[in-house]
Amino acid sequence: MKNQNQSADLPSLPLRGLKALTDDPPLEGQIRSCSRLRAEDKPVFAVNLGVLAERVNPTNPLDGAREIVETSGVDGVWAKRKRYFRLPGEEAPRAGKDSAYASSGPTFVNLAEAAARLIAPSANPELAEVEKSRAIRILAQGSSFLPVWTPTDPGEKTAKGLLDEYAARIVEMVRRETRLVELWSVLDDTPIDLEAFDQEEYDAVLPSAFGDAAEYPVDLLRPQFRDFIVAARFVPGGINRHWAEPSLELGRVTYGRDLRMLVVPEDMRDLFSEKRWDDLPFEALDWMASSGFGRFSLTEGDEYEEELAAMLGWRKVSFSVSLNLSLGISRGDDHQPKLELHTYSPDEIFAFGDGGVHCGFAGQNLAKVLEGNGNAVQHYSCWIGEEHPDIRPNTAAYLVFAAPVDRKRLDGAEVVGILTDDWFWQPGMSKMLHGVTGWTEGAKAAELLVGDEANFHAVVDQCEPEAGPLREGSVGSALLYNALNASAENRVAGLLAERARLTADAGLRFHEAMVETYREAIRKI
């Protein structure tokens, strides 16, 4: 069902501690923590190790598997080779009595890491880490760690076909019209990083030894950096290569839920408008405790609990998690360009509404989404500590404001409601908060492209998520609408290809300037 929550344009308000909650555990760590893999994952891992073995030795994958085992130093694997490797052409039946597979997650990871060292040997530890991550993703592709999307009905198959053709056309445009692949090849041997500056830092920084070529194009700063970053500069070395995978900000995706919020009466709001937000006055805490703060479920309860909560001032509000969405060109496992969606957390991710008046947060460039849709509301997290005997120590209260506020100037901001920290653990919330990367091959990305669980709000003109071959409100429907209806200056494919061109030209220009600087120094010897 389509979510009707809207968003609002607000100043920056970082949520403390959000990063630790929203970042997925690294894939390597997830697999290493499994001493016994799921039965359905075992053949997938064995087949994918076979793929890595073929990449190690394309002419003789069996020798490639042997090299992987020898490089890994893991004892006992080669004697049971088929438990770990199913080479191209070998059958890989489901796990059972007649098809035994190994089950140790750490061992599979060690073998994948060994394959990475053989496929792309590098003395540079940063590059070695990149290749290791790539090999582990290949290992997990199609398993429960990285599930794939398999369309079943004719509509889904049509949607996948259209979106895959769309991706292929953009990738071909990038290959044909830009030097991005050339840049990636240069970075394999010569790592280049970016250093970002706010205005004060940039005013004080010394000129680069490599001249103007070190300046990162201003047009590429978003969505690479947040709005307080005014400039960036290329520097030799480093581990960050994300700048070399250009992306275009498309807009936001929002997921809706209904939660309970404790409404603060008007005559109590002054108690929450103090200068010291981490030290609420006892009178405020006493009122919160008497109102059942921390006692009620944020979602549904039994009839008695519903009546009591309503009597004490708790009301249902619509709640949305809003994530930034970009479309980017990434370097695939085959070192070639591929198209991917990326979602990532903005500084503020909450929207609240009540009844027919929708209130919310939208973030940068989304003012047009919010025109005429009510007042904007923000939140601020506040640790209660041990000041009140009836409130659990170290509880976080999420204060909801009546209007946009500046985090640095909270004095006098009107608080209209309070959430408990239970909202983090509501069903499905973790799925919303965690980022998505991929295209139609991944189940999570496919849900964004064709599903109806989230709503898409575009910042690119002529990119409306209207009904067509794909569901209304989906990201895929917006991309197809744009391909059909957009003028040349608003066509997503062209905008992304232009960013790829700018990225490649800027990176290669800096590399050439760096080489020439050292060449000039040599001439002076």
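The paragraphs below set out a description of the structure included in this document. Sequence order as written defines residue numbering, which begins from 1 separately in each chain. Whole-chain, interface and lining totals are the exception, using all residues; otherwise, since this is a predicted model, local features are given only for residues with pLDDT of at least 70 and side-chain atom pairs are given and counted only at 80 or more. Note: side-chain values were computed over all heavy atoms of the structure, leaving out hydrogens and water.

1. A short note on the environment of Glu195
Quick note on the threshold: Secondary structure counts use DSSP, requiring at least four H or I residues in a row for a helix and at least two E residues in a row for a strand, with both numbered from the N terminus. Exposure categories follow from relative accessible area, calculated using a 1.4 Å probe and restricted to protein chains: below 20% of the type maximum is buried, above 50% is exposed, and the middle band is partly exposed. Here, residues are in contact when the closest pair of their heavy atoms is within 4.5 Å.
Residue placement: Glu195 occurs in strand β1 (residues 192-197). Residue Glu195 is classed as partly exposed on the basis of its relative accessible area of 38%. Those residues in contact with Glu195, other than ones at most four positions away along the chain, are Ala231, Ala232, Arg233 and Val235.

2. So, the pattern of salt bridges
Rule in force here: The salt bridge definition used is simple: a Lys or Arg side-chain nitrogen within 4 Å of an Asp or Glu carboxyl oxygen.
Across all of its chains, the model carries 21 salt bridges by this definition. A salt bridge links Arg501 to Asp505; the nearest nitrogen and oxygen atoms lie 3.1 Å apart. A residue pair is termed a helical-turn pair when its members lie 3 or 4 positions apart in one helix, as Arg501 and Asp505 do in helix α18 (residues 492-523) at four residues.

3. Looking at the nonpolar core
Applied cut-off: Side-chain atoms within 4.5 Å link the members of a nonpolar core, which is a set of buried Ala, Val, Leu, Ile, Met, Phe, Trp, Tyr and Cys residues.
One finds Leu250, Leu339 and Trp439 to be the most contacted residues of the largest nonpolar core, which totals 63 residues. Counting residues per element, this core draws most heavily on α18, at ten residues. Leu27, Ile31, Val109 and Ala116 belong to the second-largest nonpolar core, a separate cluster that totals 30 residues.

4. Looking at the packing of aromatic side chains
Quick note on the threshold: The rule is short: rings of Phe, Tyr and Trp, with Trp giving its six-membered ring, pair when the centres are within 6.5 Å, and they are stacked under 30 degrees, edge-to-face over 60, tilted in between.
Applying the stated criterion across every chain, the model contains nine aromatic pairs. Plain terms: the ring middles of Phe45 and Phe145 are 6.0 Å apart, the flat faces sit at 50 degrees to each other, and that makes the pair tilted. Taken together, the residues Phe45 in helix α3 (residues 41-56) and Phe145 in the loop between α7 (125-140) and α8 (154-177) connect sequence positions 100 residues apart. Judged by its relative accessible area of 16%, Phe145 is buried. Their ring planes at 85 degrees and their centres at 5.3 Å tell us that Phe210 and Phe510 sit as a pair that is edge-to-face. Taken together, the positions of Phe210 in the loop between α10 (199-204) and α11 (221-224) and Phe510 in helix α18 put the pair 300 residues apart, joining distant regions of the chain. For Phe210, a relative accessible area of 14% corresponds to the buried category. Judged by its relative accessible area of 0%, Phe510 is buried. Three or more aromatic residues joined by ring pairs make a cluster, and in this case those are Phe210, Tyr216, Phe234, Trp243, Phe510 and Tyr518.

5. Quick word on unusual backbone geometry
One non-glycine residue with positive phi stands out, namely Gln462, at about 60 degrees. Locating Gln462 in the fold gives a position in the loop between β12 (455-458) and α17 (475-485). Judged by relative accessible area, which is 28%, Gln462 ranks as partly exposed.

Read these as layout, nothing more, since geometry by itself doesn't imply function.
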